[in-house]
Amino acid sequence: MDEARVLALVTAVGERAVPSFVLALACLLLFVASAWWLTRRHVLPRLVSPLPPSGFLALNLGLGFVIVVVSAAIFAGTADEIGIDEELGVLDTAFSDTLRDSVSLATLRVFSLLTRFGDTATLTVLCTVVAVWLWVVRKRWLALAWVIAIAGNGVLNTTLKGIFERVRPLHEHGLVHELGWSFPSGHSSGAVVAYGMLAYIAMRRLPPAWHLPALLLATAIAFTTGCSRIFLQVHFASDVLAGFASGLAWLTVCVVSTELTRRYRRAPG
């Protein structure tokens, strides 16, 4: 597909941004639910037989490695194409301009509320409340992992923004005002890590019947938070994609490390 057709497709999606968002969210939730069902039905039963510690370690690290590599590849590929004269940079600008002209103020007001799920203040309060609760119920290693996950992502995102120094798109609606660099999106990575870790904690603490709903809710919140940044034109679409990728990579590292630590502490000897 040549550049003109891609640009036309991007413009068409921007003109139908809300239906496109709803469709993308529905497809993502269906994918997550299907992956969960396949894992529970076909993968986990084959892991019932006891694995030696070395086998369990290799399995966890192998799965984490694959996710981190895929996320890093997405991030690197996106970062390499965000220049203003690069094709992705041109498409980013065209998509943002189309949203500015086609999305109603009422829709922007809704997304200006939804974007608060990824605000620094929101995540700070959430981090504090969950950490205190985990500490009170004597899940102190889990509390430490939770705090490290949230704080570590903040440091990672700040570092990456300082490396790439990408200017934000123009946003004049007055609903939100953002300063600082644009790439990658901190709201996107922060939502993936915070609500992903929260889903992991829920799976550790709640009955199995609640596991899939927790995972789907976390997915919906993280995806919606990231997309809200595009609708509000405070981030380019590639900023959000890179935020999702870096957040998923860090989340994987945190979850795998927490699981390995938990099982190591329970291992005999």
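One can find the structure itself at the top, above this paragraph.
Because the structure is predicted, anything quoted here is derived from the model rather than measured.

Student: Give a description of the overall build of the chain that names residues and reports values.
Tutor: Check the secondary structure of the chain and you find 10 helices and zero strands. Sequence-ordered secondary structure for the chain, helices as α and strands as β, is α-α-α-α-α-α-α-α-α-α. Within the span of the chain, comprising 269 residues, buried residues form 41% of the whole. Counted over contacts in the chain with a minimum sequence separation of 6, partners at least 24 positions apart contribute 78%.

Student: Got a sec to walk through a nonpolar patch on the surface? Specific residues and values, please.
Tutor: Among the surface-exposed residues, Val-66, Val-70, Ile-74 and Leu-241 lie close enough to one another that they form a single nonpolar patch of about 320 Å² accessible area. Looking at the element boundaries, Val-70 is found in helix H3 (residues 53-79).

Student: Can you lay out the packing of helix H8 (residues 186-205) against helix H9 (residues 211-231) for me, pointing to particular residues and giving the numbers?
Tutor: At their nearest, the axes of H8 and H9 sit 9 Å apart, and the two run at 170° to each other. Between H8 and H9, the crossing angle belongs to the class labelled roughly antiparallel. For the pair H8 and H9, the contacting residues are His-187, Ser-188, Ala-191, Val-192, Tyr-195, Gly-196, Ala-199, Ala-202 and Met-203 in the first and His-211, Ala-214, Leu-215, Ala-218, Ile-221, Ala-222, Thr-225, Gly-226 and Arg-229 in the second. Within the contact of H8 with H9, the residues separate by chemical class into 11 nonpolar, six polar and one charged.

Student: Quick rundown of the packing of aromatic side chains? Include the residues and the values.
Tutor: The final tally for this structure, using the stated rule, is six aromatic pairs. Note on Phe-21 and Phe-111: the rings are 5.5 Å apart at their centroids and 80° apart in plane angle, and the pair reads as edge-to-face. One end of the pair, Phe-21, is in helix H2 (residues 17-43); the other, Phe-111, is in helix H5 (residues 105-114), with 90 residues separating them in the sequence. Each of the two residues, Phe-21 as well as Phe-111, counts as buried. Pairing Phe-21 with Phe-231 gives two aromatic rings, centres 6.0 Å apart and planes at 85°, and the pair type is edge-to-face. With Phe-21 in helix H2 and Phe-231 in helix H9, this pair connects stretches of sequence that are 210 residues apart. Taking the relative accessible area as the measure of exposure, Phe-231 reaches 5% and is therefore buried.

Definitions and limits used
Residues numbered from 1 in each chain as written. Predicted model: local features only at pLDDT ≥ 70, side-chain atom pairs only at ≥ 80, totals over all residues. Heavy atoms only, no water. Helix = DSSP H or I, 4+ residues; strand = E, 2+ residues; numbered from the N terminus. Buried < 20%, exposed > 50% of the residue type's maximum accessible area, 1.4 Å probe, protein only. Contact = heavy atoms within 4.5 Å. Patch = residues over 30% accessible without salt bridge, like charges linked within 9 Å, V, L, I, M, F, W, Y side chains within 5 Å. Areas by Shrake-Rupley, 256 points an atom, 1.4 Å probe, with all protein chains shown as cover. Salt bridge = Lys/Arg side-chain N within 4 Å of Asp/Glu carboxyl O. Axes fitted to C-alpha atoms, helices over the stretch in contact; angles between N-to-C directions. Parallel < 35°, antiparallel > 145°, perpendicular 65-115°, else oblique. Nonpolar A, V, L, I, M, F, W, Y, C, P; charged D, E, K, R; others polar. Phe/Tyr/Trp six-rings, centres within 6.5 Å; stacked < 30°, edge-to-face > 60°.

By themselves, these figures tell us nothing about what the structure is for.
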